[in-house]
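A closer look at the structure
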Amino acid sequence: MKRVSLFALAVMALLGASPAPAAEPDWDQIDKSAVDLLQRYIRIESIDPPANTAEAANFVKHFLEENGIAAKLYASGPSGQTNLVARVAGRDRSKKPLLLLNHLDVVPVDRKAWKFDPFGAVIKNGEMWGRGTMDMKGIGIEQMMALATLKRAGIAPARDVVILSTADEENNGTYGIRWMIDNHFADIDAEYVLDEGGFGTRSILAADKLVFGIEVGEKQTLWLRVRAKGTAAHGSQPIPDNANVTLLTALGKAMALPRAEPHPVVAEMIRNIGAPLAANKYTAAIQVNTVSLTTLTAGVGSPVKVNVIPSVSEATLDCRLLPGVNAPEFISDMKARINDPRVSVEMINPPEDPGPSSSRTPLFEAMRRAILKSHPDAIVTPMLVPHGTDSNKLRAKGLIAYGFTPMVLDLSTAGSMHSDQEHIPIAEFQKGIRIFYDVLTGDF
Ligand SMILES: [Zn+2]
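Structure report, in brief. (Residues numbered from 1 in each chain as written. Predicted model: local features only at pLDDT ≥ 70, side-chain atom pairs only at ≥ 80, totals over all residues. Heavy atoms only, no water.)

Contact geometry of helix α3 (residues 54-66) with helix α4 (residues 133-152) gives a least axis separation of 10 Å together with a crossing angle of 20 degrees. It follows from the interaxial angle that α3 and α4 lie roughly parallel. Judged by the twist between their axes, the crossing of α3 over α4 is right-handed. Between α3 and α4, the contacting residues are Val-60, Phe-63 and Leu-64 on the first element and Met-144, Met-145 and Ala-148 on the second. (Axes fitted to C-alpha atoms, helices over the stretch in contact; angles between N-to-C directions. Helix = DSSP H or I, 4+ residues; strand = E, 2+ residues; numbered from the N terminus. Parallel < 35°, antiparallel > 145°, perpendicular 65-115°, else oblique. Left-handed = near helix turned anticlockwise from the far one by under 90°. Contact = heavy atoms within 4.5 Å.)

This is the structure:
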């Protein structure tokens, strides 16, 4: 055992001796290896369905372990669904951890529609193209690279940091976040979560202002099936009881939503920005309840007969409700507007509504500071997102979850998720690693 005399300690204290500060990371090297890492990650086709994420999880495990961070895999489903958990010890182990959440799976591709190989990770004009670049392998690599950089520098974060890479996010988290919560919650229990969600932008949220939105809440996902019944008949002789016509009339009324009360988080966004939100489909969707008509199914025979009036006609509606809106009331109001006994409205999934997370936390302030260090002109604000993420499942368990995408995006980039144009601006991807690093070295 090494012994240090009290005298030596006193001298060190007098001289103000302290451990040498960690050297500034070699960002050029980190930037280069992050791009290479993301390319290799994109090339793993972890498409959901079937959501076989074993190869992607092993890839992440290998990277973390190369950097001295032990990782554990959790095989969860029948098609190779695999989740990963890794933990870095923090200075204060009495506090619950910060969870860095990302998903390993990606949505399918229509290969013919892609300009580049969707799994080629082609780089062109400073952008990397490929399925998962935005949603969300890019953010996943930013999180892991920042944590690995911290680890290499020998810096312990303020509290434990846990990486959770999930399968099945694109399938409602069945063998991913839900399975982990149901089977291994102790391994991922945390005070805070950083997940995909908010983002920085000079155009989407407000015109000509750099706004960094940190997602504190999301809309509720409510899927409905609307079914009209009628009388089957010969197409040559029109009848009033045509199920298709009944359905079309009902859908017109179903989709005529009354105006919703503005949500407090949106009101706060507008106050922080100091101007109305920019006008586009994204900001429109976070200010009201919405309905999208997504499928229409009718007809008899395969291929369907043009000369047969079917007895049943069906549609599905993807409804997104503001937090706090009562879903059963929303449905009964819709039925009242339709007001036709031949038409039924049935709920396909019950929505979750844990409500938004508070933005009055040390972690939110650490994120604000980290963003302002890289973008001194930014307005940082809590925000609502129009789509669902894994965060709501964790908010329901009492965790404080934020959607944090520390990149400046325009609508064509942010809107490229799930499309045949998915791409990430490389300079922003790299800046995001620094912002994550500054969050993780901050006080939270
Ligand atoms: Zn995603």
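Right, let's talk about the pattern of salt bridges for a bit. Applying the stated criterion across every chain, the model contains 27 salt bridges. Of the charged contacts in the structure, one is a salt bridge between Arg-111 and Glu-45, with a shortest N-O distance of 3.0 Å. Here the residue Arg-111 occupies a position in the loop between β3 (98-103) and β4 (122-124), and Glu-45 occupies one in the loop between α2 (27-42) and α3, the gap between them amounting to 66 residues. Here Asp-110 ties to Lys-112 by a salt bridge, and the two come within 3.9 Å at their closest N and O atoms. Asp-110 sits in the partly exposed class, given a relative accessible area of 43%. The exposed category is assigned to Lys-112, whose relative accessible area is 79%. The network of salt bridges with common partners includes Arg-225, Arg-227, Glu-314 and Glu-346. (Salt bridge = Lys/Arg side-chain N within 4 Å of Asp/Glu carboxyl O. Buried < 20%, exposed > 50% of the residue type's maximum accessible area, 1.4 Å probe, protein only.)

All right, on to the coordination of the zinc ion then. Perfect tetrahedral coordination of a metal by four donors corresponds to 109.5 degrees between them, and perfect octahedral coordination by six donors corresponds to 90 or 180 degrees. Looking at the metal site, the zinc ion is ligated by His-103 (NE2), Asp-135 (OD), Glu-196 (OE) and Glu-196 (OE), spaced 1.8 to 2.4 Å from it. Because the angles between the 4 donor atoms bound to the zinc ion fall within 55 to 143 degrees, the donor set is best described as irregular. (Donors = N, O, S within 2.8 Å, 3.2 Å for Na, K, Ca; no water. Tetrahedral: all angles 85-135°; square planar, octahedral: opposite > 155°, others 65-115°.)

Here strand β2 (residues 82-88) lies mainly inside the structure; 6 of its 7 residues are buried. Sheet analysis places strand β1 (residues 71-75) next to β2, joined by 5 bridges and oriented antiparallel. Across the sheet, Lys-72 pairs through a bridge with Val-85, a residue of β2. Hairpin geometry of β1 and β2 is characterised by an intervening segment of 6 residues between the two adjacent antiparallel strands and by a positive phi of about 90 degrees at Gly-80. Across 5 bridges, the pairing between β2 and strand β6 (residues 161-166) is antiparallel. Each bridged residue has a counterpart across the sheet, and for Ala-86 the counterpart in β6 is Ile-163. (Pairing = 2+ DSSP bridges.)

Turning our attention to the sheet that holds strand β12 (residues 290-298). Read across the sheet, 4 strands follow the order β12-β14-β10-β15 without closing on themselves; strand pairing throughout is antiparallel. Since the sheet does not close on itself, it has two edges, and those belong to β12 and β15 (343-347), each with one partner. Direction aside, neighbouring strands of the sheet carry axes that sit 20 degrees apart on average. The pairing of β12 with strand β14 (residues 312-321) spans 8 bridges and is antiparallel. Each bridged residue has a counterpart across the sheet, and for Ser-292 the counterpart in β14 is Asp-318. Those strands touched by helix α6 (residues 243-254) are β10 (220-229), β12, β14 and β15, and its axis lies near 15 degrees from that of β14.

This next bit is on the layout of surface pockets. Of the volumes computed, that of the largest pocket is approximately 1400 Å³. Arg-320, Pro-386, His-387, Gly-388 and His-418 are, among the 44 residues lining the largest pocket, the residues nearest its centre. Those elements that place two or more of their residues in the lining of the largest pocket are α4, β10, α8 (281-287), β12, β14, α11 (391-395) and α12 (411-414). When residues in the lining of the largest pocket are grouped by element, the largest group, 4 residues, is from α8. Considering only enclosed or pocket space, the second largest pocket measures out at about 210 Å³ in volume. Considering the residues around the second largest pocket, the lining is formed by 13 residues, among which Ser-33, Leu-37, Arg-40, Phe-63 and Glu-66 are closest to the centre. Looking at the lining of the second largest pocket, the elements with two or more residues in it are α2, α3 and α4. The biggest single contributor to the lining of the second largest pocket is α2, with 6 residues. A class-by-class count of the residues in the lining of the second largest pocket yields 5 nonpolar, 4 polar and 4 charged. (1 Å grid on protein atoms, 1.4 Å probe; cavity = no way out; pocket = protein on both sides within 12 Å on 5 of 7 lines; lining within 4 Å. Points joined across faces, edges and corners; volume = space filled by probe spheres on them. Nonpolar A, V, L, I, M, F, W, Y, C, P; charged D, E, K, R; others polar.)

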